[in-house]
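Each chain, letter by letter, is given below.
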Amino acid sequence: MSFPIVRHRRLRQSVGIRNMVRENQLSVDDFIQPIYVTYGENVKSEIKSMPGVFRFSLDRLQEEVTEIAELGIPAVLLFGIPETKDSVGSSGFAEDGIVQEATRLIKSWYPELLVIADTCLCEFTDHGHCGMVHTFEVDGHTCGDVLNDESLELLVKTAVSQAKAGADIIAPSNMMDGFVQAIRAGLDENGFSHIPIMSYSVKYASAFYGPFREAADSTPQFGDRKSYQMDPANAREALREAETDVFEGADMLMVKPSLSYLDVLRTIRDQFDLPLVAYNVSGEYAMVKAAAIQGWIDEKKVAMEILLSMKRAGADMIITYYGKDASRWLAEKS
């Protein structure tokens, strides 16, 4: 009888050996926790499609931020739901805008907690698109074109206002051509050359954003975002998008969503040496939550396996609604 010469199971036979040879590890330092802030008083409103995720008014925000800080999560990503909207998203770049006010509060409470400001207009425009639009009627239906260069001017104003409010990192998510270059120039001209840009370099026109659109009240009022977000069928195009952002001065690159695009995440990791961010988006979170509520899966094991897959694919950081839960689960192990 012949026996195997190579025995892979030798390195799997005990917890100690498995821990010692493990190639990838999750850490609380990997996580960025999204926060939704809104106007009003005493608001802590659960988002129906995202159990466990809430919108907070400014007077209730500190309880969420304190929990995040005490768990050791190093950064938050801010999204704002404004009191009023208009065609150019002016509340997005107002000095007293909801994101700007939230940023000031967070930095006053926890100066070391990094505030990442999502820089887009979709939450602030009455049409729900990520830039200015030219609207027109076709057979009685409202249609529109998103104006690229005109939108850049508004996005620069938004980024500068966020930096003035104290944001540590600007994260433009709009997918306009030239957005990194424009924002970099705007920040530099206004004395913020030290503020890094975390670019949503590879952002797909994905069906996984559904719960976010409920959370941020940002569903387009006409058309879709396929003229500026990427086609899910394309992978080589992601390299061109990332390369452009590197050339224009991005400090970090992002792939969004991540779970269905781990191949793209790996490709970007292999081609570029900038820090890489994976966005574990709302639909990915919602699917796991829904299955867990039904008792069909082990939520903790599935969520951690998904996050680990993103690390294995090459992510240095993960934006995830599981940030708080995952931090607790990691603490239980130590």
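An account of the accompanying structure is given in this report. None of the values given here were measured: they were computed from a predicted structure. (Residues numbered from 1 in each chain as written. Predicted model: local features only at pLDDT ≥ 70, side-chain atom pairs only at ≥ 80, totals over all residues. Heavy atoms only, no water.)

## A word on the nonpolar core
One finds Tyr36, Leu77, Leu187, Met198, Ile268 and Tyr279 to be the most contacted residues of the largest nonpolar core, which totals 95 residues. Here this core takes seven residues from helix 4 (residues 148-165), the largest share from any one element. (Core = buried A, V, L, I, M, F, W, Y, C linked by side-chain atoms within 4.5 Å. Buried < 20%, exposed > 50% of the residue type's maximum accessible area, 1.4 Å probe, protein only. Helix = DSSP H or I, 4+ residues; strand = E, 2+ residues; numbered from the N terminus.)

## A word on a nonpolar patch on the surface
Among the surface-exposed residues, Leu11, Met20 and Val21 lie close enough to one another that they form a single nonpolar patch of about 320 Å² accessible area. Tracing the backbone shows Leu11 in the segment before helix 1 (15-21). (Patch = residues over 30% accessible without salt bridge, like charges linked within 9 Å, V, L, I, M, F, W, Y side chains within 5 Å. Areas by Shrake-Rupley, 256 points an atom, 1.4 Å probe, with all protein chains shown as cover. Salt bridge = Lys/Arg side-chain N within 4 Å of Asp/Glu carboxyl O.)

## Some remarks on the pairing of strand 10 (residues 252-256)
With five of its five residues buried, strand 10 lies for the most part within the structure. Alternating positions in strand 10 separate into two faces, Met252, Met254 and Lys256 on one and Leu253 and Val255 on the other, with burial throughout. Relative to strand 10, strand 9 (residues 198-203) runs parallel, the two being bridged by four bridges. Its bridge partner being in strand 10, Met198 is matched across the sheet by Met252. Note that strand 10 and strand 11 (residues 276-280) share three bridges and pair parallel. Bridging across to strand 11, Leu253 finds its partner in Leu276. In this fold, strand 10 hands off to helix 8 (residues 262-271), which returns the chain to strand 11; that crossover is right-handed. (Pairing = 2+ DSSP bridges. Right-handed = clockwise from strand over helix to strand, strands pointing away.)

## Focus: the packing of aromatic side chains
By the definition in use, this model includes eight aromatic pairs. Summarising the aromatic geometry, the rings of Tyr36 and Tyr321 are spaced 6.3 Å apart at their centres and angled 0° between planes, so their arrangement reads as stacked. In this pair, Tyr36 sits in strand 1 (residues 31-38) while Tyr321 sits in the loop between strand 12 (317-320) and helix 11 (323-333), placing the two residues 285 residues apart along the sequence. Since its relative accessible area comes to 4%, Tyr321 is described here as buried. On the numbers, 4.7 Å between centres and 55° between planes, the contact of Tyr285 with Tyr322 is tilted. Pair noted here: Tyr285 is in helix 9 (residues 282-293) and Tyr322 is in the loop between strand 12 and helix 11, with a separation of 37 residues, a long-range link. On the basis of relative accessibility, which here comes to 2%, the residue Tyr322 falls in the buried class. (Phe/Tyr/Trp six-rings, centres within 6.5 Å; stacked < 30°, edge-to-face > 60°.)

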